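# Examination of the molecular architecture
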Amino acid sequence: MSNRLPFIVIAVAVILFLAWSSIFVVNERQQAIVLRFGEIVDVKSEPGLYFKAPFAFMEADNVQLIEDRVLRFDLDDIRVQVSGGRFYEVDAFIAYRISDPRRFRLAVSGSVPLAEQRLRTRLDAALRRVYGLRGFEAALSEERGSMMREVRDQLRPDATSLGLEIVDVRIRRTDLTAEVSQQTYERMRAERLAEAERLRARGREAAQRIRARADREVVEITAEAQRESEILRGEGEAERNAIFADAFSRDTDFFEFYRSMAAYASALQGSGTTMLLSPDSEFFRFFGSAEGRQPSEQAPSTPSAPASGNGVTTGATD
């Protein structure tokens, strides 16, 4: 029995090795391609435990695991030319999955980097074609969605030949190149300056119109006020004259005396004016007596005038 023990252990080890090398597991994120001497003999797309020939050396039986998830491939700084002749930089990405493992193995040997390298060339060409038929504004408008669908539809035939399915294509960024950005900035700046000048001109025109209307209203209001003031002044003068006339009709002597006193106050104030008047003039009739009679009309008790002169000088000289 002790002599058989080493053989038993070796046999068990061989059996375990054969069992281990003939089993492979496919999880829910993978697909498996079973190769025998480099030829595809089976494809396992469902997750589970599978068996194969137990020998993997010399490529007798081999299993290649590939992704069954949606993969993403980014392409940055693609230089495209739009219909207007200007160049722009575009960032985009592709969402794809490996739909045909057999074709994927035959086309790119099951290599994801090699498949993405081919997708890069095709995506670059599709973006150039789509942008070349449109202007820059299309990528910033509602047409952006149709542009992405058009790129996706152009990629699908080439992707199918690689065993891939294009799920979606998205444009992440559409930006101006450095030289186009400067030109666009200068154009926008000139447009804004022109718009600002138009607004200023409209403002000046509106201000002039408002100012003219305000000046006209000032003139109209001033003229109306002057007219009303003249009417009120005339009415006041008329009322004053009526009062004076009524007072004059009541006591004519007092009214004449009052008007003479007012005339004296106005004529004899210190205004720097020199007047030469005769003392017998009508202007000085109240200087002779309070009744307003001239000296010649009174009794000749005193000489009527000095012998040395014929007039009286009165007034003030500055």
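The structure displayed is predicted, hence computed values, not measured ones.

Parameters and conventions
- Residues numbered from 1 in each chain as written.
- Predicted model: local features only at pLDDT ≥ 70, side-chain atom pairs only at ≥ 80, totals over all residues.
- Heavy atoms only, no water.
- Helix = DSSP H or I, 4+ residues; strand = E, 2+ residues; numbered from the N terminus.
- Areas by Shrake-Rupley, 256 points an atom, 1.4 Å probe, with all protein chains shown as cover.
- Buried < 20%, exposed > 50% of the residue type's maximum accessible area, 1.4 Å probe, protein only.
- Pairing = 2+ DSSP bridges.
- Core = buried A, V, L, I, M, F, W, Y, C linked by side-chain atoms within 4.5 Å.
- Contact = heavy atoms within 4.5 Å.
- Axes fitted to C-alpha atoms, helices over the stretch in contact; angles between N-to-C directions.
- Left-handed = near helix turned anticlockwise from the far one by under 90°.
- Nonpolar A, V, L, I, M, F, W, Y, C, P; charged D, E, K, R; others polar.
- pLDDT = per-residue confidence, 0-100.
- Parallel < 35°, antiparallel > 145°, perpendicular 65-115°, else oblique.
- Expected span 1.5 Å × (residues − 1).
- Arc of directions from axis to C-beta.
- Polar contact = N/O pair within 3.5 Å; in protein donor to acceptor, adjacent residues only side chain to side chain.
- Salt bridge = Lys/Arg side-chain N within 4 Å of Asp/Glu carboxyl O.

With that out of the way, let us pick up the overall build of the protein chain. The helix and strand tally for the protein chain stands at seven helices and ten strands. Carbon and sulfur atoms provide 56% of the accessible area of the protein chain, an area that totals close to 21,700 Å².

Judged by how many residues are buried, strand E2 (residues 30–36) sits mostly within the fold: five of seven residues are covered. By the bridge criterion, six bridges tie E2 to strand E5 (residues 62–67) in an arrangement that is antiparallel. By the bridge assignment, glutamine 31 is partnered in E5 with isoleucine 66. Sheet topology places E2 next to strand E3 (residues 39–44); five bridges connect them, and they run antiparallel. Note that in E3 the partner of leucine 35 across the bridge is isoleucine 40. Counting the residues that bridge the hairpin from E2 to E3 gives two residues, and of these phenylalanine 37 lies at a positive phi of roughly 55°.

Counting 37 residues, the largest nonpolar core has Ile94, Leu127 and Leu164 as its most contacted members. Within the residue set of this core, elements represented by two or more residues are E2, strand E6 (71–81), strand E7 (87–98), helix H2 (101–108), helix H3 (112–132), helix H4 (144–161) and strand E8 (164–176). The residues contacting leucine 164, other than those within four sequence positions of it, are Tyr96, Arg97, Ile98, Ser99, Phe104, Ala115, Leu119 and Ala159. Core analysis: the second largest hydrophobic core is formed by five residues, Phe24, Val26, Val34 and Tyr50 among them.

The contact between H3 and H4 brings their axes to 9 Å, and the two run at 140°. Of the two possible hands of crossing, H3 and H4 adopt the one that is right-handed. Seen from H3, the contacting residues are Leu119, Arg122, Leu123, Ala126, Leu127, Arg129, Val130 and Tyr131; seen from H4, they are Met147, Glu150, Val151, Gln154, Leu155, Asp158 and Ala159. Partitioning the contact of H3 with H4 into residue classes produces ten nonpolar, one polar and four charged.

Most peptide bonds take the trans form, and the phi angle of most residues other than glycine is negative. Positive phi is not limited to glycine here, since serine 109 has a value of about 60°. Structurally, the position occupied by serine 109 is in the loop between H2 and H3. Assessed through its relative accessible area of 47%, serine 109 is described here as partly exposed.

What follows concerns the confidence of the model for the protein chain. Per-residue confidence for the protein chain gives a mean pLDDT of 77; residues scoring 70 or more make up 75%. No element of the protein chain has a lower mean pLDDT than strand E10 (residues 312–315), which averages 39, and none a higher one than helix H5 (residues 178–250), which averages 88. Ignoring residues within four places in sequence, the model shows residues 294–318, a span with pLDDT below 50, making 22 contacts including any to other chains.

To continue, consider the packing of H2 against H3. Where H2 contacts H3, the two axes come as close as 10 Å, and the packing angle between them is 80°. Here H2 lies roughly perpendicular to H3, going by the angle between them. On the side of H2, the interface is formed by Phe104, Ala107 and Val108, while H3 contributes Val112, Leu114, Ala115 and Arg118. In terms of residue class, the contact of H2 with H3 is built from six nonpolar, no polar and one charged.

Residues that lie three or four places apart on an α-helix share one face, since the helix turns once every 3.6 residues. If you check H3, its first and last C-alpha atoms are 30 Å apart, about what 21 residues at 1.5 Å a residue would give, namely 30 Å. Restricting attention to buried positions, one finds in H3 the residues Ala115, Glu116, Leu119, Leu123, Ala126, Leu127, Val130 and Tyr131. Seen from one end, H3 has its buried residues packed into an arc of 115°, which puts them on one side. Across from the buried face of H3, at angles greater than 90 degrees, the exposed residues are Gln117 and Thr121. For H3, the secondary structure elements touched by its buried residues are E6, E7, H2, H4 and E8. A distance of 3.4 Å separates the backbone nitrogen of leucine 114 from a side-chain oxygen at the start of H3, and that oxygen is part of serine 111.

Right, let's get into the environment of serine 111. Note that serine 111 resides in the loop between H2 and H3. On a C-alpha basis, the gap between serine 111 and isoleucine 66 in space is 8.6 Å, while along the polypeptide they are 45 residues apart. Polar contacts involving the side chain of serine 111 include one to the main-chain amide nitrogen of leucine 114, which spans 3.4 Å.

Two side chains of opposite charge can pair, provided their charged atoms sit close to one another. The full count for this structure, using the stated rule, is 23 salt bridges. Here aspartate 68 ties to arginine 97 by a salt bridge, and the two come within 2.9 Å at their closest N and O atoms. You can see aspartate 68 sitting in the loop between E5 and E6 and its partner arginine 97 sitting in strand E7, a full 29 residues away along the chain. With a shortest N-O distance of 3.7 Å, arginine 209 and glutamate 205 are connected by a salt bridge. On the criterion of helical spacing, the pair formed by arginine 209 and glutamate 205 is a turn pair, its members being four residues apart in helix H5. Put simply, Arg72, Asp74, Asp76 and Arg172 are held in one network by salt bridges that share partners.

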